[in-house]
Protein chains: 2
Amino acid sequence: MNQVSAYRSLETRFRRLAAIEGASSMLWWDQAAMMPAGGAEARAEQLAELKLVRHEMLTDPLIRDLIEAAEGETLDEWQRANLLEMRRRWLNATALEPRLVEAWSRATSDGEMAWRTARAKSDFALARAALEKIVGLAREIGQAKGAALGLDPYDALHDGYEPGGRAADFDPIFARLERELPPLLAAVLERQSRRPKPVKPQGPFPAAKQKALGLKLMAAAGFDFEHGRLDESPHPFCGGVAEDLRLTTRYDESSFVSGLMGVMHETGHALYEQGLPAAWRNQPVAEPRGMSIHESQSLLIEMQACRSRAFVEYLVPLLRESFGASGPAYEAENLYRLYTWVQPGYIRVDADEVTYPLHILLRTRLERAMIAGDLAVADLPQAWNEGFHALTGLEVKEDRLGCLQDPHWYGGDFGYFPTYSMGAMTAAQLFQAALGAKPEIPERLGRGDFRPLLAWLRAHVHGQGSKVSAPELLTRATGRPLDPEAFLGHLRRRYLEG
Amino acid sequence: MNQVSAYRSLETRFRRLAAIEGASSMLWWDQAAMMPAGGAEARAEQLAELKLVRHEMLTDPLIRDLIEAAEGETLDEWQRANLLEMRRRWLNATALEPRLVEAWSRATSDGEMAWRTARAKSDFALARAALEKIVGLAREIGQAKGAALGLDPYDALHDGYEPGGRAADFDPIFARLERELPPLLAAVLERQSRRPKPVKPQGPFPAAKQKALGLKLMAAAGFDFEHGRLDESPHPFCGGVAEDLRLTTRYDESSFVSGLMGVMHETGHALYEQGLPAAWRNQPVAEPRGMSIHESQSLLIEMQACRSRAFVEYLVPLLRESFGASGPAYEAENLYRLYTWVQPGYIRVDADEVTYPLHILLRTRLERAMIAGDLAVADLPQAWNEGFHALTGLEVKEDRLGCLQDPHWYGGDFGYFPTYSMGAMTAAQLFQAALGAKPEIPERLGRGDFRPLLAWLRAHVHGQGSKVSAPELLTRATGRPLDPEAFLGHLRRRYLEG
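Residues numbered from 1 in each chain as written. Chains lettered and ligands numbered in written order. Predicted model: local features only at pLDDT ≥ 70, side-chain atom pairs only at ≥ 80, totals over all residues.

*Asks:* Which parts of the structure should I look at to understand the overall build of chain A?
*Replies:* For chain A, the count of helices and strands is 20 helices and 3 strands. For chain A, the C-alpha radius of gyration of 23 Å lies close to 23 Å, the compact-globule estimate for 498 residues. If you line up chain A on its principal axes, its C-alpha atoms span 70 × 50 × 50 Å. Out of the 498 residues belonging to chain A, those deemed buried represent 45%. Considering only contacts in chain A between residues 6 or more positions apart, those separated by 24 or more positions represent 72%. (Helix = DSSP H or I, 4+ residues; strand = E, 2+ residues; numbered from the N terminus. Rg over C-alpha atoms; globule rule 2.2 N^0.38 Å. Buried ≥ 20, exposed ≤ 12 C-beta atoms within 10 Å, placed from the backbone. Contact = placed C-beta atoms within 7 Å.)

*Asks:* What exactly am I supposed to notice about the sheet that holds strand β2 (residues 238-241) of chain A here?
*Replies:* The strands making up a sheet associate through backbone hydrogen bonding, with each pair oriented either parallel or antiparallel. Residues and elements named next belong to chain A. Here we have 3 strands laid out as an open sheet, ordered β1-β3-β2, and mixed in their pairing. Where the open sheet ends on each side, the last strands, each with one partner, are β1 (228-232) and β2. In this sheet, adjacent strand axes meet at a mean angle of 20 degrees when their direction is disregarded. Pairing of β2 with strand β3 (residues 244-249), which is carried by 4 bridges, proceeds in the antiparallel orientation. Paired with Gly240 across the bridge in β3 is Leu245. Relative to the sheet, helix α10 (residues 257-274) contacts β1, β2 and β3, its axis offset from that of β3 by approximately 165 degrees. (Pairing = 2+ DSSP bridges. Axes fitted to C-alpha atoms, helices over the stretch in contact; angles between N-to-C directions.)

*Asks:* It is not clear to me how the sheet that holds strand β3 (residues 244-249) of chain B should be interpreted in this structure. Could you clarify?
*Replies:* Residues and elements named next belong to chain B. With mixed pairing, 3 strands are arranged side by side in an open sheet as β1-β3-β2. Each end of this open sheet is capped by a strand with a single partner; those strands are β1 (228-232) and β2 (238-241). Here the strands of the sheet are splayed against their neighbours by 20 degrees on average, with no regard to which way each runs. Most of the contacts of helix α1 (residues 5-33) go to β2, to which it runs at about 140 degrees, and overall it touches β1, β2 and β3.

*Asks:* Can you help me understand the relation of the copies chain A and chain B in this one?
*Replies:* In summary, the two copies of the chain are related to each other by a rotation about an axis coupled with a shift along it. Placing chain A over chain B gives an RMSD of 0.0 Å and needs a rotation angle of 180 degrees, together with 0.0 Å of translation along the axis. The superposition of one copy onto the other is thereby described by a two-fold rotation axis. Interface residue correspondence from chain A to chain B reaches 100%, placing this contact among same-surface, isologous pairings. (Least-squares fit on C-alpha atoms with pLDDT ≥ 70 in both.)

*Asks:* Just checking my understanding: could you explain the domain arrangement of chain A for this structure?
*Replies:* Bring the parts together and some accessible area is lost; that lost area is often taken as the interface size. All names here are of chain A. The domains assigned to chain A are domain 1 (5-159) and domain 2 (162-498). Summarising the inter-unit geometry, the C-alpha centres of domain 1 and domain 2 are found 26 Å apart. With 45 residues of domain 1 at the contact, the number on the domain 2 side is 42 residues. Looking at the side of domain 1 that touches domain 2, the elements with two or more residues in it are α1 (5-33), α4 (77-94), α5 (98-121), α6 (125-149) and α7 (153-159). Considering every element that reaches the side of domain 1 that touches domain 2, the biggest residue donor is α1, with 11 residues. Grouping the amino acids of the side of domain 1 that touches domain 2 by side-chain chemistry returns 24 nonpolar, 8 polar and 13 charged. (Domains from an automatic or database assignment. Nonpolar A, V, L, I, M, F, W, Y, C, P; charged D, E, K, R; others polar.)

*Asks:* Can you walk me through the environment of Phe237 of chain A in this structure?
*Replies:* All names here are of chain A. Its location among the elements puts Phe237 in the loop between β1 and β2. For Phe237, a count of 16 C-beta atoms within 10 Å corresponds to the partly exposed category. Considering only alpha carbons, one finds Phe237 and Thr267, 30 residues apart in sequence, at a separation of 9.6 Å. Apart from residues lying up to four places away in sequence, Phe237 is in contact with Ala32, Thr248 and Glu266.

*Asks:* When you look at the environment of Leu404 of chain A in this model, what are you seeing that I'm missing?
*Replies:* All names here are of chain A. Relative to the helices and strands, Leu404 is located in the loop between α15 (380-392) and α16 (418-437). Under the C-beta neighbour-count criterion, Leu404 is labelled buried, with 25 such atoms within 10 Å. Distance in space between the C-alpha atoms of Leu404 and Leu318 is 39 Å, their sequence separation being 86 residues. Those residues within four positions of Leu404 in sequence are excluded, and the remaining contacts are Trp115, Ala118, Arg119, Ser122, Phe124, Ala127 and Asp399.

*Asks:* Can you walk me through the interface of chain A and chain B in this structure?
*Replies:* Across the boundary between the two partners, chain A contributes 28 residues, which contact 28 residues of chain B. Of all the elements in the fold, those that place two or more residues in the side of chain A that touches chain B are α1, α2 (40-58) and β1 of chain A. Considering every element that reaches the side of chain A that touches chain B, the biggest residue donor is α1 of chain A, with 8 residues. Looking at the side of chain A that touches chain B residue by residue, the classes come out as 13 nonpolar, 6 polar and 9 charged.

*Asks:* Hey, could you run me through the packing of helix α14 (residues 356-372) of chain A against α15 of chain A in this one?
*Replies:* To characterise two packed helices, one gives the angle between the axes of the helices and the distance between these axes. Residue and element names in this part refer to chain A. Where α14 meets α15, the closest approach of the two axes is 10 Å, and the angle between their N-to-C directions is 145 degrees. Seen along the crossing, α14 lies across α15 with a hand that is right-handed. Across from Leu358, Leu361, Leu362, Arg365 and Leu366 in α14, the residues of α15 making contact are Leu380, Ala383, Trp384, Gly387, Phe388, Leu391 and Thr392. (Left-handed = near helix turned anticlockwise from the far one by under 90°.)

Below you can see the structure in the form of structure tokens.
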């Protein structure tokens, strides 16, 4: 064996894995955006088979031997980072007994079905047994992965979405949000109540026109249509592979407001993927760094860039032209206030950026309690409703508007929720650093020119792939680890001073 | 091991193979109909990986042992047929050394590229070396497969498209066509020349309207949109899997004539796939029986059913309504003559059904001579041009209109061409039998009602899958093996008497 032969052999194997994962990713997109209903069974078999093939490749005993041998080889910085990511994947794939993997797959599939029924009838009792099963298995998984990774069960689950992320790191940050956000929200609402309500533009806004405008804005933001496309699906997402990104959105013909920002949100995800290090394509080190960085990229584009006053001013004539409309609803000040309207409500995905973290604080607290065994699933609705009231003052009267509102837990996503708000704070901190480095950014966004911002993101975030941990990436890019200062400062400036 | 355990184990393995093949099939469709250009490299890696995984599964030494063990087990008729198909696949996958498979993959990929360039410049010399390489390898493959299957090299290649098909069987049939078609064509042209030319409807015909009409006709023919969809691609095809068929077409806004029939042609393929035996889904016995039967289903729908006078009469008001048009071009007699216009030309894919087999006779003769070593690749253009002139009276002045017109050979398809005309004759023979069993078919087609025809095809063709050989299927369905009588009779009735 020469100097790097074990490492090279791993690269070949992980390239094969990337091809299988890429195939799965395209098939997921197709399922959401193209597939007729009757194709579901065949598609489930295709995806299950690809998952099995991937698992067989990754748990091949030779992989462990190769990783151990490669660790003794002379590698450069990127190769070493790639090897670390290979080990992480191998560890995650081998940490669980096949029995547990299979039980989990069945339980989460049952859980999603139970959630659909329960949510439609707004009756948590219909999903309780399925969720109990899932929480039991999630605790087992957390223990097994935790044993392999040297982590406590919740951190082990969180690590699956946020490699290297630990509750001990986000706890003080979230505690600060919990102290500061409720009074800040009250102040924002008080100020907002003293001003006239923004006027809603009156539709209809034909889907074809919304799409044309969305494509134009995507292009302005730097989305590369040689390597991606925009389609429709009931739940917008950014799928596909870095060389071929498949964005989806949905069109509400009665309003363009949230749809257009939805496209820009997904575009933020897509720009990240399109900017991942091309030289390392198909290797683990060229993958996104985790969910908080990924979410930071969508929120940076949507919340920091596109809901800014400068960008809304750029948008106004485009909206007028696209929909052949004019009048008070199409004045820049009115649209800016529409795009920054704050309104606490029950549903997380509809939340404004001031209220959003309150949803996350509650979910994070509840899921940790369930995994720790401190909260029984049967007591979830009551705990939810009390917690939500304490944070927002709103009374939850229906499970549909409370603990049944999103599918995450019922599909097995425990440890994911914190990354949404870490993403929001990361976005603010990165945007602040970008403005420091390139003060021309706001003025350029006001002309629909994302190039200075994108160039900075490419250099400091996208092009880094998974070379370093998320905290290290953020420290290198902004000079400090994650804290809530930039985010809270952004909210104060936009909602109390702007 | 119980009675059928080896067989059951094979079923499980072939179900996994079907999932991999299905995934590949969806990705091929996506590549043709959806993928942005920049996705090509990633897609090529995905497809190559799936091909490799499939090959590894199919050549697992255990498969041979299981097949041998299963052959000693008590199986019912369908299981026995399924086992035969499993053996055939295994034999085809293992007959070639990996070296040859790899060389073939590279040569055919190079060949397709060379063909593109050569065709664009209409210069065969630019593709000659690539084609020589391919013919050399095709002869090796024919010999290797022939040794495994007990066949001569050309039959071994033909068998890959038409399981059980032998040149000795189609030779006398093709000889008959070669004798009878040229004088028949002359008589058709002489008769046609004595009548006024049909009037071409004047466009533009917007793609959206053509699509709406195509969807309507597909639905009338019995296409199940719960299990399939219609999109666009430069080269129309029928892809996907039986439960999720992906048809494509292209729209020429200056004429609906060939586009609409193109949709019905692909619909014929799709109806076959949608009617394959659902109880055996994902097993080899539920796959289409070979290319001649597959082509017979598209030609039966397009040529026998949709270009019939009865169906064209049904079409007339729909066309008028779809395009808001009227006048002499939209009279039933005029449209029928447009849809049955005979015009010998250079390009096979544009050929009418009278001329088409002449193209196939020439190609079949030439490809057999190349595989036998009787025709050097360097001599192909001359042999083509002389042969084409002898059959049609037309002088080929450019390679683009001659031996460079289609990509088959340059992509390695040797042994495929005969199935086109076997398909046309099979279609005529099946349609004749269907009319005998259900005399109401023409009158029902005249009302856009395909149900009696489809029911007959479901029972006698689609639902049979690969249970018996193509000749046996045809004999059971029509009372006799393939002969050219029904086809020639159809041509005489439609073009000399109708």
